[in-house]
Amino acid sequence: MIDQLIQFAESWVPREIWVGMITLSLIAFVGTLIAIPAMLIRLPPDYFDNHGHRKWFANHHPIIRAIGLMLKNGLGLIFLVAGIAMLVLPGQGILTMVLGILFLDFPGKHRVEQKLIRQPQILNAINAMREKAGKLPFVFHENTPT
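Each value, and the rule that gives it
- Residues numbered from 1 in each chain as written.
- Predicted model: local features only at pLDDT ≥ 70, side-chain atom pairs only at ≥ 80, totals over all residues.
- Heavy atoms only, no water.
- UniProt positions renumbered as here; feature names shortened; annotations may be inferred.
- Helix = DSSP H or I, 4+ residues; strand = E, 2+ residues; numbered from the N terminus.
- Core = buried A, V, L, I, M, F, W, Y, C linked by side-chain atoms within 4.5 Å.
- Buried < 20%, exposed > 50% of the residue type's maximum accessible area, 1.4 Å probe, protein only.
- Contact = heavy atoms within 4.5 Å.
- Patch = residues over 30% accessible without salt bridge, like charges linked within 9 Å, V, L, I, M, F, W, Y side chains within 5 Å.
- Areas by Shrake-Rupley, 256 points an atom, 1.4 Å probe, with all protein chains shown as cover.
- Salt bridge = Lys/Arg side-chain N within 4 Å of Asp/Glu carboxyl O.
- 1 Å grid on protein atoms, 1.4 Å probe; cavity = no way out; pocket = protein on both sides within 12 Å on 5 of 7 lines; lining within 4 Å.
- Points joined across faces, edges and corners; volume = space filled by probe spheres on them.
- Nonpolar A, V, L, I, M, F, W, Y, C, P; charged D, E, K, R; others polar.

Even after reading the chapter, I still don't get the UniProt feature "transmembrane region" (unreviewed entry) in the protein chain, so can you show me in this structure?
UniProt marks residues 17–41 and 91–108 with the feature "transmembrane region" (unreviewed entry), using the numbering shown here. Annotated as residues 17–41, this span is 100% helix and 0% strand, and its ends, taken at the C-alpha atoms, are 36 Å apart. Split by type, residues 91–108 is 61% helix and 0% strand. Its first and last C-alpha atoms lie 27 Å apart.

As structure tokens, this is what we get:
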């Protein structure tokens, strides 16, 4: 039965490509297990209250700023798509999507971040990671919109 399934799969895609896709998938899975907590731990505790008014690469030449923003948004899009895929594949889907949204720039981003991060399951998971790393949990001021 399994041999027939393997033969069927290899009739559509060569074995080398399957091996490459599986290897890439495993590397991405392990990478997200390491990268996502590392990035979320490095954020300051008041990140979600104070980051809305900062301009990324504000003190650089406009061309450098544009290239940096394109790379940052590209990385955000990759994390967002990977997070969506991880909803059905192994991985930290929700946390990966949150990280992708943190990298992206779009109108209403701050409101979307606030709604996501204030979900009890997401906030508890992130703050548990931060606590294990000896970092303070994320804090929100009472007048911060949700």
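Once the structure has been displayed, the description carries forward.
I would appreciate a short explanation of the nonpolar core in the present structure.
Nonpolar side chains tend to gather and get buried jointly when the protein is soluble and globular. Within the largest apolar cluster, 17 residues are counted, with the highest numbers of intra-cluster contacts made by L40, L95, L99, L102, I126 and F138. Among the elements of the structure, α2 (15–42), α3 (47–50), α5 (93–103) and α7 (120–132) are those that each provide at least two residues to this core. The greatest single-element share of this core, amounting to five residues, is contributed by α5. Setting aside its immediate chain neighbours within four residues, L102 contacts L40, L43, Y47, F48, K109 and E113.

Is there a simple way to explain a nonpolar patch on the surface in this structure?
Where nonpolar side chains cluster on the molecular surface, the patch consists of I17, W18, M21, I22 and L26 and spans about 480 Å² of accessible area. Mapped onto the elements of the fold, I17 is located in helix α2. Owing to a relative accessible area of 43%, I17 belongs among the partly exposed residues under this scheme.

Would you mind going over the layout of surface pockets with me for this structure?
Gaps left between atoms are located by rolling a probe of water-molecule size over the structure's atoms. Taken as a whole, the second largest pocket spans an internal volume of roughly 200 Å³. In this structure, the second largest pocket is lined by S25, L26, A28, F29, A82, A85, M86, L89 and P90. Going through the elements one at a time, α2 and α4 (62–85) are the ones with two or more residues in the lining of the second largest pocket. Top element by residues in the lining of the second largest pocket is α2. It accounts for four residues. For the lining of the second largest pocket, the class distribution of residues is eight nonpolar, one polar and no charged.

Explain the pattern of salt bridges here, please?
Where side chains of opposite charge bring their charged atoms close, a pairing between them can arise. Counted under the stated rule, the structure contains three salt bridges. K72 is the partner of D105 in a salt bridge, and the nearest nitrogen-oxygen pair spans 3.1 Å. A residue pair is termed long-range when its members are at least 10 positions apart, and D105 in the loop between α5 and α6 (109–117) and K72 in helix α4 qualify at 33 residues. D105 sits in the partly exposed class, given a relative accessible area of 41%. K72 gets classed as buried once you look at its relative accessible area, which sits at 8%. Across the salt bridge formed by K109 and E113, the nearest N and O atoms sit 3.7 Å from each other. Here K109 pairs with E113, and both are found in helix α6, just four residues apart, close to one helical turn. One exposure class covers both K109 and E113, and it is buried. Linked by salt bridges that have partners in common, K72, D105, K109 and E113 make up one network.

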